[in-house]
Amino acid sequence: MDPRKNPFNPGAGIPPTAFVGRADVLEVAEIAFDRTREGLFARDMLLLGLRGVGKTVLLNKLHALAKSKELETIKFEVPDTSGDNLARLLVPAANTVLRRLDRMAAAEETLHRAGALLRNFAAIFKVKYEGFTFGASTPEIGADTGDLVADLPEILLALAAAAQRRKTGVVLFLDEVQYLSKAELSALTHACHEVAQTAAPFLFIGAGLPQLAALSGEAKSYAERLFSYMDVRALDHTATARALREAAKTQKADFTSEATDLIFERTKGYPYFVQTWGKFAWDEAAASPIDAETVGKADLDALAHLDQSFFRVRFDRSSDYAKTYLRALAELGPGPHASGKVAEVLGTKSSQVAAVRAGLIDAGMIFSPAHGQTQFTVPLFDDFMRRAMPELKPYTPSRRKS
Ligand SMILES: Nc1ncnc2c1ncn2[C@@H]1O[C@H](COP(=O)(O)OP(=O)(O)O)[C@@H](O)[C@H]1O
Ligand SMILES: [Mg+2]
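Residues numbered from 1 in each chain as written. Chains lettered and ligands numbered in written order. Predicted model: local features only at pLDDT ≥ 70, side-chain atom pairs only at ≥ 80, totals over all residues. Heavy atoms only, no water.

An unreviewed UniProt entry lists the chain under the name AAA family ATPase, from Algicella marina.

Our next topic: the domain arrangement of the chain. Examined at the domain level, the chain breaks down into domain 1 (23-231), domain 2 (235-314) and domain 3 (317-388). Each of domain 1 and domain 3 was reduced to a C-alpha centroid, and the two centroids are 34 Å apart. Between domain 1 and domain 3, the contact holds 8 residues from the first and 12 residues from the second. Per-residue buried area on domain 1 facing domain 3 is highest for Leu 50, Arg 51 and Gln 211; these three make up 63% of the total on that side. On inspection of domain 1 and its partner domain 3, the count reaches 0 salt bridges. For the pair domain 1 and domain 3, the number of links is 1 residue pair in polar contact (both at pLDDT 80 or more). Looking at the side of domain 1 that touches domain 3, its residues break down into 5 nonpolar, 1 polar and 2 charged. (Domains from an automatic or database assignment. Contact = heavy atoms within 4.5 Å. Buried area = accessible area lost by both parts, 1.4 Å probe. Salt bridge = Lys/Arg side-chain N within 4 Å of Asp/Glu carboxyl O. Polar contact = N/O pair within 3.5 Å; in protein donor to acceptor, adjacent residues only side chain to side chain. Nonpolar A, V, L, I, M, F, W, Y, C, P; charged D, E, K, R; others polar.)

Pairing is antiparallel in the open sheet, where 3 strands are placed in the order S6-S8-S7. The sheet is open, and its two borders are formed by strand S6 (337-338) and strand S7 (366-367), each paired with just one other strand. For S6 and strand S8 (residues 373-376), the ladder comprises 2 bridges, and the chain directions are antiparallel. Directly across from Ala 338, in S8, lies its bridge partner Gln 373. With respect to the sheet, helix H12 (residues 320-331) is in contact with S6, S7 and S8, its orientation differing from that of S8 by roughly 95 degrees. (Pairing = 2+ DSSP bridges. Helix = DSSP H or I, 4+ residues; strand = E, 2+ residues; numbered from the N terminus. Axes fitted to C-alpha atoms, helices over the stretch in contact; angles between N-to-C directions.)

Moving on, we get to helix H15 (residues 381-388). Within H15, burial applies to Phe 381, Asp 382, Phe 384 and Met 385. Looking straight down H15, one finds that the buried residues subtend no more than 160 degrees of arc, so they occupy a single side. Structurally, H15 contributes buried residues whose contacts are with helix H11 (292-316), H12 and S8. (Buried < 20%, exposed > 50% of the residue type's maximum accessible area, 1.4 Å probe, protein only. Arc of directions from axis to C-beta.)

Take the environment of Lys 268 next. Locating Lys 268 in the fold gives a position in the loop between helix H9 (257-267) and helix H10 (271-284). Here Lys 268 falls in the partly exposed class, since its relative accessible area comes to 49%. Through-space distance from the C-alpha of Lys 268 to that of His 237 is 8.4 Å; in sequence the pair is 31 residues apart. Setting aside anything within four residues of it in sequence, one finds Lys 268 in contact with Ala 234, Leu 235, Ile 263 and Leu 380.

A few words now on the packing of H12 against helix H14 (residues 350-362). Close contact between H12 and H14 brings their axes to 10 Å; oriented N to C, the two are set at 95 degrees. When the axis of H12 is compared with that of H14, the two are roughly perpendicular. Here Tyr 321, Ala 322, Tyr 325 and Leu 326 of H12 lie close against H14, whose contacting residues are Gln 352, Val 353, Val 356, Arg 357 and Leu 360. Across the contact of H12 with H14, the residue classes break down as 7 nonpolar, 1 polar and 1 charged. (Parallel < 35°, antiparallel > 145°, perpendicular 65-115°, else oblique.)

Strand order in the open sheet made by the 5 strands is S2-S3-S4-S1-S5, with parallel pairing throughout. Every interior strand has two partners, whereas the edge strands, strand S2 (72-77) and strand S5 (227-231), have only one. The average angle at which neighbouring strand axes cross in this sheet is 15 degrees, direction not considered. Across 5 bridges, strand S3 (residues 170-175) lies against strand S4 (residues 202-208) in parallel orientation. Bridging from a neighbouring strand, Val 171 pairs with Leu 203 of S4. Each of strand S1 (44-48), S3, S4 and S5 touches helix H1 (residues 23-37); the most contacted strand, S4, lies at about 155 degrees to it. Across the sheet, helix H6 (residues 182-196) is in contact with S1, S3, S4 and S5; its angle to S4 comes to roughly 150 degrees.

Taken together, 23 residues lie near ligand 1, and Asn 9, Gly 13, Ile 14, Gly 52 and Thr 56 sit nearest. Within the backbone of Gly 11, one N or O atom sits 3.1 Å away from an oxygen atom of ligand 1. Residue Val 20 places a main-chain N or O atom 2.9 Å away from a nitrogen atom belonging to ligand 1. The fraction of the free accessible surface of ligand 1 (570 Å²) that becomes covered by protein chains is 95%. Tallied by class, the residues present in the shell around ligand 1 amount to 13 nonpolar, 7 polar and 3 charged. Composition of the shell around ligand 1 by domain shows at least three residues from each of domain 1 (23-231) and domain 2 (235-314). (Near = heavy atom within 4 Å. Areas by Shrake-Rupley, 256 points an atom, 1.4 Å probe, with all protein chains shown as cover.)

It is worth spelling out the pairing of S4 at this point. Of all the 7 residues making up S4, 7 are buried; the element is thus mostly covered by neighbouring parts of the structure. Alternating residues of S4 divide into Phe 202, Phe 204, Gly 206 and Gly 208 and Leu 203, Ile 205 and Ala 207, and every residue in both groups is buried. Pairing of S1 with S4, which is carried by 4 bridges, proceeds in the parallel orientation. What sits directly across from Leu 47, in S4, is Ala 207. A crossover connection joins S3 to the parallel S4 through H6; in handedness this β-α-β unit is right-handed. (Right-handed = clockwise from strand over helix to strand, strands pointing away.)

In structure tokens:
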């Protein structure tokens, strides 16, 4: 059918034509927004799920909802470059909020203070700050210890206080939270904890890979009390059919139920894959309704597209050694699998592959859903690995030539 009218959009963060499911998260967030505005306690949220499952799209929905409720919002994505980015990203975003608040009414005490704090904070973290001109640099005011754990709560509290005077609140949205450094993550957790103990109208909503839930030790019990973890999962059978049929109907087309069944079987309901199959089935189809035979014919194109756009980029970034590890993990199926088992497939011991495993976790390729367990962060990545590297090679430690 006409590709100009194709309503399917596989792509990171691209809003789907038919957004389905997620009613539970939307409801929890809506209540949290209303409570925040009223200065009532609301639990900060962490949306966790595999790549391509729809976290970014959901976070954007929540962002739009918060704005429609006239809350002030800050939103950014943590880049996957190593290093400390939180202060650098937070300052301009917080500055925008202050400017907006300033426009709402004449500047006064809370706003002055927030502006001065932000200036100090920017200076100490060496972030360029073209901020407010009012409120001269005020060393005694704070947010300038250079220790994020001490300074971050001050900034967030000051922002919230300024917002409260304007009868609103602040919601901080962060995507790809797993890329925060350890120090940033603990500073953020600490700041959320500090702010939660006041009546400040502030809410944090983060999204990231599931490894975030596996913080260890003290940080874990702390974070568990603080955040409400929300699993973002694949769509079920009914939601998958709706995502396909409702999108098609915007162009006066439809799928047969055999066709949506087959797409569910192929994609396991992962939104990125559902969009991909929807797109290629649409292009393949001669007429509506799109039937199972057409879906079958689109399989090869859909897979080739996924390999190129979704799997290959991650695969290509890995070293040969890392690829060998990934291939061994794939041999065991979708997982999770005991790390010892993976080493066994490689013909070696866990300790021998601990470093490569840690590197792959940092890179966001795999995660540890529970102690000693390993799983891909990308759904169906095991299938891809077997396509990309048909042969399973044992691990051979590199030896120095003597
Ligand atoms: N609730 C949903 N209903 C239908 N399609 C969705 C939904 N959520 C995400 N998608 C689609 O799935 C793809 C991946 O979404 P994205 O939010 O980028 O995932 P993630 O951030 O988890 O990697 C996009 O093409 C998007 O249009
Ligand atoms: Mg995303």
